[in-house]
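Spelled out, the chains give:
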Amino acid sequence: MSSPVLKASDLTKRFGDFTAVNGVSFEIRPGEILGLLGPNGAGKTTTIQMLLGLVTPTAGSIHMFDLDLSTHREEILQQVNFSSTYISMPQSLTVEENLWVVARLYGISDMARRVNDIVKKLEMEEFRGKVTRKLSSGQMTRLTLAKAFLTEPRILFLDEPTASLDPDIADKIRSLLKEERRSSGLSILYTSHNMREMEEMSDRIIFLQRGRIVAEGTAQDIVDRFGKADLEEVFLKFAREQGQSSS
Amino acid sequence: MKLHRITALIVRHLYLYRRSLPRIMEIFYWPFLDLVIWGFITLYLARYQSQVPGFVTFFLGALILWDMLFRAQQGITISFLEELWARNLMNLFASPLKPSEFLAATMAMSVMKVTIVSIVMSVCALLFYSYNILIVGAWLMPFVLNLVITGWIIGVFTTSLIMRFGQEAEVLAWSMVFLFQPISCVFYPMEVLPTWLQMIAMANPAAHVFEGMRTALGAGAPPIEDLAWAVGLNGALLVGVVAWFYRTVAYCKDQGLLVRVGE
Ligand SMILES: Nc1ncnc2c1ncn2[C@@H]1O[C@H](COP(=O)(O)OP(=O)(O)OP(=O)(O)O)[C@@H](O)[C@H]1O
């Protein structure tokens, strides 16, 4: 089996007395889509932010491509990218200008071709010249996905990537993600509150609850282990447990 | 440092200014108003030129030089605020961009703004008041360079505070520099300050530049000592404030503030 592209070991983040992520360890293999599931406040975003070097872990280590993130930030971040419903892009720039800036930032050669390819792939021709402020939320999501794809990352972190997309575009994005991982071995860490999407997309799923991993395996494994009908029921079980313990 | 990452940020700001009339106006608005108001005051006071020799020269020269410092500071802080307002910090800090490259790009923006404003102000002063800034002489360039660096120091300091305390601290972008104005001795010599304030002003590189300007314009003596103080203090403070910026970035990453600012 090929060696993992990402290895998080005993990852912990405390904010004062509060432990947001508690001893989390996992790996992602080349071309694998790993789903990160958990109720609100379970620690998914904090985990992704640690993997992106935006939040410093209190304990534990992160390795990508066999390099330690704490000492090889630049080399690692050159090869990863992310998209999230929570981020934005400069509003006064056009879609295309934003992509040009990202292309320069990552030192992409053959920028014009890459920008054109990605605009076509994500069906953004119609609004490529539009000022970002005027985009609909679905178009905005496509732009942040485009900026993530543009840099040809080896690992993508996607925080609810299809949340504001209509079913048609969401379906196309899912196909694109699967296609990219087939053709280029792209690995993806994925969060979503859409359980059907999680089941469809993920090779493996990690369930977080109050910052800890409480279940891990394929969607079917997890459903079977907890004797539930589907992933949604497992989710509800963990969400209600977390809700009860914090109330 | 990688040049392509620095130019990416510069290009991003140029795109922004290209399409935004209010932003372009903002660069010229204050310097122009200053020049109009203080220009007329100076013209009025020039009637008493005999009592205060060289008054006009001091005053308008000081005004233009102070605006260069102010623009240099704004060039840094506003560039950061633009990223904060655009909720773009996460995109930048999760990219390979280094804090040093971020600072270098904001400093380049600052130099561009200072250059444009200086040219506009100098030309206006010449047209409206027949005042030629070049009478400051050969010392003008080292003075300007030092003031730009002092502007950077205040700019990086202010940026760190906004990063640390979030959007509530945004007002510092415009107000912080005026805290330094009284102790920069822009329009009056350092000796008019009370002794305790003189001690503080001594640590401010800008105060030495303005002292130097008065020396150069007044007695015509070379302001070597003033310049040496300005250069030494600027060097030390720039290193200090950049170290402080790095510490602030580390602190914000530890507290998870980088991703929260702007919300
Ligand atoms: N900077 C911070 N300071 C203090 N607490 C924080 C900080 N960031 C996150 N937390 C807390 O850590 C916990 C985990 O938050 P996180 O955003 O990682 O959850 P999540 O699983 O992504 O939730 P959601 O599904 O709502 O996005 C929450 O209780 C949150 O309040």
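Novice: Sorry, what's going on with the overall build of chain A here?
Specialist: Per the secondary structure count, chain A includes nine helices and 10 strands. For chain A, the spread of C-alpha atoms along the three principal axes comes to 50 × 40 × 40 Å. A buried classification covers 55% of the 247 residues belonging to chain A. Within chain A, contacts between residues at least 6 apart in sequence are counted, and of these 67% link residues at least 24 apart. Here chain A displays about 10,300 Å² of accessible surface, and carbon together with sulfur accounts for 46% of that area.

Novice: I would appreciate a short explanation of the sheet that holds strand β2 (residues 18-28) of chain A in the present structure.
Specialist: The pairing of strands in a sheet comes from backbone hydrogen bonds and takes either a parallel or an antiparallel form. All names here are of chain A. Strand order in this open sheet of four strands is β2-β1-β4-β5, and the pairing throughout is antiparallel. Of all the strands in the sheet, the pair left with one neighbour each is β2 and β5 (67-68). Bridge analysis of strand β1 (residues 6-15) against β2 gives seven bridges, and the strand direction is antiparallel. If you follow Arg14 over to β2, its bridge partner there is Thr19. Together, β1, β2 and β4 (59-64) form the strand contacts of helix α1 (residues 44-51), whose direction differs from that of β1 by roughly 120°.

Novice: Just to check I follow, could you spell out the environment of Asn204(B) for this structure?
Specialist: Residues and elements named next belong to chain B. With respect to the secondary-structure elements, Asn204 resides in the loop between α8 (195-202) and α9 (205-218). Classification of Asn204 by relative accessible area gives buried; the value is 5%. A sequence separation of 40 residues divides Asn204 from Trp244, and the C-alpha atoms of the two residues are 18 Å apart. Excluding residues that lie within four positions of it along the chain, Asn204 makes contacts with Thr150, Phe180, Ile183, Ser184 and Leu233.

Novice: Is there a simple way to explain the nonpolar core in this structure?
Specialist: In globular proteins that are soluble, nonpolar side chains generally tend to be buried together. Ranked by internal contacts, the top residues of the largest apolar core, which has 152 residues, are Met64(A), Leu99(A), Phe157(A), Phe207(A) and Leu231(A). Here the element with the most residues in this core is helix α3 (residues 55-85) of chain B; it accounts for 15 residues. If near-sequence neighbours (up to four positions away) are discounted, Phe157(A) is found in contact with Leu6(A), Ile48(A), Leu51(A), Leu52(A), Met64(A), Val80(A), Asn81(A), Phe82(A), Ser83(A) and Leu189(A). Grouped together as the second largest cluster of nonpolar side chains are seven residues, Cys185(B), Leu193(B), Leu197(B) and Ala201(B) included.

Novice: Explain a nonpolar patch on the surface here, please?
Specialist: Residues and elements named next belong to chain B. On the surface, a cluster of nonpolar side chains totalling about 450 Å² of accessible area is made up of Tyr29, Trp30, Leu33, Ile37 and Ile41. Relative to the helices and strands, Leu33 resides in helix α2 (residues 21-45). For Leu33, a relative accessible area of 30% translates into the label partly exposed.

Novice: For this particular structure, what's the right way to read the pattern of salt bridges?
Specialist: Two side chains carrying opposite charge are able to pair once their charged atoms lie near each other. Under the counting rule described, the total for this entry stands at 26 salt bridges over all chains. Between Glu74(A) and Arg5(B) there is a salt bridge; the shortest N-O distance is 2.7 Å. Taken together, the residues Glu74(A) in helix α2 (residues 73-77) and Arg5(B) in helix α1 (residues 3-18) connect one chain to another. The exposure class assigned to Glu74(A) is partly exposed, which follows from its relative accessible area of 21%. Take Arg5(B): its relative accessible area is 2%, and that puts it in the buried class.

Novice: Please explain the sheet that holds strand β6 (residues 80-84) of chain A as it appears in this structure.
Specialist: Residue and element names in this part refer to chain A. Here six strands make up an open sheet; going across it, the order is β6-β7-β8-β3-β9-β10 and the pairing mixed. Either end of the sheet is taken by a strand with one partner, and the two such strands are β6 and β10 (212-217). Strand-to-strand twist across the sheet, computed as the mean angle between neighbouring axes with direction ignored, equals 15°. The pairing of strand β9 (residues 204-209) with β10 spans five bridges and is classified as antiparallel. Counterpart to Gln209 in the pairing with β10 is Arg212. Where helix α5 (residues 137-150) meets the sheet, its contacts fall on β6 and β7 (155-159), and the angle it forms with β6 comes to roughly 175°. Relative to strand β8 (residues 187-191), helix α6 (residues 167-184) is tilted by about 150°, and along the sheet it contacts β3 (33-37), β7 and β8.

Novice: Would you take a moment to explain the site of the ligand for this structure?
Specialist: Taken together, 16 residues form the shell around the ligand, and within it Gly41(A), Gly43(A), Lys44(A), Thr45(A) and Thr46(A) come nearest. Bordering the ligand are residues originating from chains A and B. Here an oxygen atom of the ligand and a backbone polar atom of Gly43(A) are 2.9 Å apart. Taking Gln255(B), its main chain carries an N or O atom lying 3.0 Å from a nitrogen atom of the ligand.

Novice: What's the story with the confidence of the model for chain B in this structure? I'm lost.
Specialist: Detailed reading of predicted coordinates is not advised where the pLDDT is low. Residue and element names in this part refer to chain B. Looking at chain B, pLDDT values average 88 and 95% of them are 70 or higher. The least confident element of chain B is α2, whose mean pLDDT is 80; the most confident is helix α10 (residues 224-255), at 96. Predicted as a complex, the structure gets a pTM of 0.91 and an ipTM equal to 0.90.

Novice: Whenever I open this one, the packing of aromatic side chains confuses me. Can you help?
Specialist: Two aromatic rings, taken as a pair, are described by how far apart their centres are and by the angle between their planes. On inspection of all chains with the given rule, the structure shows 10 aromatic pairs over all chains. Measuring from ring centre to ring centre gives 5.3 Å for Phe70(B) and Phe178(B), while their planes differ by 55°; the resulting arrangement is tilted. One end of the pair, Phe70(B), is in helix α3; the other, Phe178(B), is in helix α7 (residues 172-180), with 108 residues separating them in the sequence. On the basis of relative accessible area, Phe70(B) is assigned to the buried category, the value being 5%. What makes Phe178(B) partly exposed here is its relative accessible area of 40%. Arranged with centres 6.0 Å apart and planes meeting at 40°, the rings of Phe157(B) and Trp244(B) form a pair that is tilted. You can see Phe157(B) sitting in helix α6 (residues 140-165) and its partner Trp244(B) sitting in helix α10, a full 87 residues away along the chain. Taken together, the ring pairs connect Phe207(A), Phe226(A), Phe235(A) and Phe238(A) into an aromatic cluster. One cation-aromatic arrangement involves Arg164(B) over Phe165(B); the distance from NZ or CZ to the ring centre is 4.5 Å.

What counts and how
- Per chain, residue numbering runs from 1 following the sequence as it is written.
- Numbering of ligands from 1 and lettering of chains from A proceed in the order in which they are written.
- For a predicted model such as this one, the threshold for reporting local features is a pLDDT of at least 70, and the threshold for listing and counting side-chain atom pairs is 80 or more; totals across whole chains, interfaces and linings nevertheless cover every residue.
- Where side-chain values are given, they derive from all heavy atoms of the structure, hydrogens and water being excluded.
- Helix and strand labels come from DSSP, where a helix needs a run of H or I of at least four residues and a strand needs a run of E of at least two; each type is numbered from the N terminus.
- Each residue is assigned to one of three classes by its accessible area relative to the maximum for its type, calculated with a 1.4 Å probe on protein chains only: buried under 20%, partly exposed between the two thresholds, exposed over 50%.
- Any two residues whose heavy atoms approach within 4.5 Å are treated as being in contact.
- Each accessible area is a Shrake-Rupley estimate made with a 1.4 Å probe; only the visible protein chains count as cover when residues are assessed.
- Strand pairing is assigned whenever DSSP identifies at least 2 bridges connecting the two strands.
- Convention adopted: a line fitted to C-alpha atoms gives each axis, helices being fitted over their contacting stretch, and angles between N-to-C directions are expressed from 0 to 180 degrees.
- Among buried residues, those of type Ala, Val, Leu, Ile, Met, Phe, Trp, Tyr and Cys that are joined through side-chain atoms within 4.5 Å constitute a nonpolar core.
- Only residues whose relative accessible area exceeds 30% and that form no salt bridge are eligible for patches; like-charged ones are grouped when within 9 Å, while nonpolar side chains (Val, Leu, Ile, Met, Phe, Trp, Tyr) are grouped when within 5 Å.
- By definition, a salt bridge exists where a carboxyl oxygen of Asp or Glu is found within 4 Å of a side-chain nitrogen of Lys or Arg.
- Throughout, the term near means that a residue has one or more heavy atoms lying within 4 Å of the molecule or strand in question.
- Polar contacts, as used here, are pairs of N or O atoms within 3.5 Å; protein pairs need one atom able to donate a hydrogen and one able to accept it. Residues neighboring in sequence count only if both atoms are side-chain atoms.
- Within a predicted model, pLDDT stands for the predictor's per-residue confidence, ranging from 0 to 100.
- Centres within 6.5 Å make a pair out of two Phe, Tyr or Trp rings, where for Trp the six-membered ring is used; the pair is then stacked when the planes are under 30 degrees apart, edge-to-face when over 60, and tilted otherwise.
- Geometrically, a lysine NZ or arginine CZ counts as sitting over a ring once it is within 6 Å of the ring centre and also within 35 degrees of the ring normal.

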